[in-house]
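Listed here are the chains, written in short residue letters.
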Amino acid sequence: MSTSQHQTASGRPLRVAPAWVGGARGHAAGEHLLPVREAVWIWSVRRYARVSLWALPIGAGLYGWTTLGVATPPGPVLVELAAGWLCAIAMIGLAGLLAGSRTRRSAVAGLLIGMAGFMMLLPLAALPDGAGPAGTPLSADQVHTASLVAAAVTGTGWLLLGWAVFRSKLVNPADGILLMLAAVSIGAGSYAVRPLPTVGAILLLAAGMGLAWTGSRLIPPA
């Protein structure tokens, strides 16, 4: 089947795009030009990062609610899981936002370490305090230690992400400071003396609102 130069096989008009996009901006011609396929991929990642940053203030709000000790209809476990899920999404989005900055290595390290902490906390979230899982040799003290280690690993991930935000010069560095301060209470876990977890949730909420607002202004929707 032969097709014309300006139509596809289905008869629709053929849209031709230039093979390269971007501009030299004072450098040698063609130095910073990107293939169209890479430009579309980068645009998709930045759009996801822009939208997913709003999951951080929502997750911080749910996390702060669990620190108050108020009874919730779905139960504290579901609220904690929802908060962790939203924060994990925000971690991925934040690392994607910083992928093109000079602190991308710290952001990727924070993402990987934070995800490892979430994976360690997930099987321990449903266990009541002072109890060990049935059918395993783990005692209640070992479960308590594992929870502290998992919380410390998660806090380390947030600490590295906060440092990456602070040093990136891409968003407000104050949000990075708030994120690093919140990482201290997150690393202490639910066993920290009150009101440290609640204060950490407030700091995480403030950092999340700042990052989401700055990210939505920094990266255009289209």
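Residues numbered from 1 in each chain as written. Predicted model: local features only at pLDDT ≥ 70, side-chain atom pairs only at ≥ 80, totals over all residues. Heavy atoms only, no water.

Caption draft 1: Looking closely at the nonpolar core. Core analysis: the largest hydrophobic core is formed by 31 residues, its most contacted members being Leu56, Leu94, Trp158, Leu161, Leu179, Leu204 and Leu211. At the level of secondary structure, the elements contributing two or more residues to this core comprise α2 (55-67), α3 (76-97), α4 (104-121), α5 (140-168), α6 (173-188) and α7 (196-218). Sort the elements by how many residues they give to this core and α3 lands first, with nine residues. The residues touching Trp158, leaving out its near neighbours within four places in the chain, are Leu56, Cys87, Met91, Phe118, Leu179, Ala183 and Ile186. (Core = buried A, V, L, I, M, F, W, Y, C linked by side-chain atoms within 4.5 Å. Buried < 20%, exposed > 50% of the residue type's maximum accessible area, 1.4 Å probe, protein only. Helix = DSSP H or I, 4+ residues; strand = E, 2+ residues; numbered from the N terminus. Contact = heavy atoms within 4.5 Å.)

Caption draft 2: The arrangement of the side chain of Ser101 in detail. Residue placement: Ser101 occurs in the loop between α3 and α4. The class of Ser101 is buried, set by a relative accessible area of 6%. Of note is the side chain of Ser101, whose polar atom sits 2.8 Å from the backbone oxygen of Leu98. (Polar contact = N/O pair within 3.5 Å; in protein donor to acceptor, adjacent residues only side chain to side chain.)

Caption draft 3: View of the packing of aromatic side chains. In this structure the tally under the stated criterion is one aromatic pair. Relative to Phe166, the ring of Trp163 has its centre 5.9 Å away and its plane inclined at 35°; by these criteria the two rings are tilted. Of this pair, Trp163 and Phe166 both sit in helix α5, three residues apart, which is roughly one turn of the helix. With a relative accessible area of 32%, Phe166 lands in the partly exposed category. (Phe/Tyr/Trp six-rings, centres within 6.5 Å; stacked < 30°, edge-to-face > 60°.)

Caption draft 4: Molecular detail of the confidence of the model for the protein. Per-residue pLDDT for the protein has a mean of 77; in total, 71% of the residues score no lower than 70. Considering each helix and strand of the protein separately, the mean pLDDT is smallest for strand β1 (residues 20-21), with a value of 42, and largest for α4, with 93. For residues 14-27, every residue scores under 50 in pLDDT, and the model assigns this stretch 24 contacts once sequence neighbours within four places are set aside. (pLDDT = per-residue confidence, 0-100.)

Caption draft 5: Here's a closer look at the environment of Val184. Along the chain, Val184 turns up in helix α6. Spatially, the C-alpha atoms of Val184 and Ala151 are 9.9 Å apart, while their sequence positions differ by 33 residues.

Caption draft 6: Structural detail: α4. With 18 residues, α4 ought to run about 26 Å at 1.5 Å a step, and its terminal C-alpha atoms sit 25 Å apart, in line with that. When α4 is considered as a whole, its buried residues turn out to be Ala107, Gly110, Leu111, Gly114, Gly117 and Phe118. Taken end-on, α4 shows its buried residues confined to a sector of 135°, consistent with a single buried face. Turned more than 90 degrees off the buried face of α4, the exposed positions are Arg105, Leu112 and Met119. (Expected span 1.5 Å × (residues − 1). Arc of directions from axis to C-beta.)

Caption draft 7: Examining the environment of Ala164 more closely. Here Ala164 shows up in helix α5. By relative accessible area, Ala164 is classed as buried at 0%. Sequence separation between Ala164 and Arg102 is 62 residues, and the spatial gap between their C-alpha atoms is 8.5 Å. With residues up to four places along the chain from it excluded, the contact list for Ala164 reads Leu98, Thr103, Ser106 and Ala107.

Caption draft 8: Quick look at unusual backbone geometry. A positive phi angle, close to 55°, is found at Lys169, a residue other than glycine. For Lys169, the location among the structural elements is in the loop between α5 and α6.

Caption draft 9: Up close: the packing of α5 against α6. The contact between α5 and α6 brings their axes to 8 Å, and the two run at 175°. Put simply, α5 runs roughly antiparallel to α6. Taking contact as the criterion, the partners of Leu148, Ala151, Ala152, Thr154, Gly155, Trp158, Leu159, Leu161, Gly162, Trp163, Val165 and Phe166 in α5 are, on α6, Pro173, Asp175, Gly176, Ile177, Leu179, Met180, Ala183, Ile186, Gly187 and Ala188. (Axes fitted to C-alpha atoms, helices over the stretch in contact; angles between N-to-C directions. Parallel < 35°, antiparallel > 145°, perpendicular 65-115°, else oblique.)

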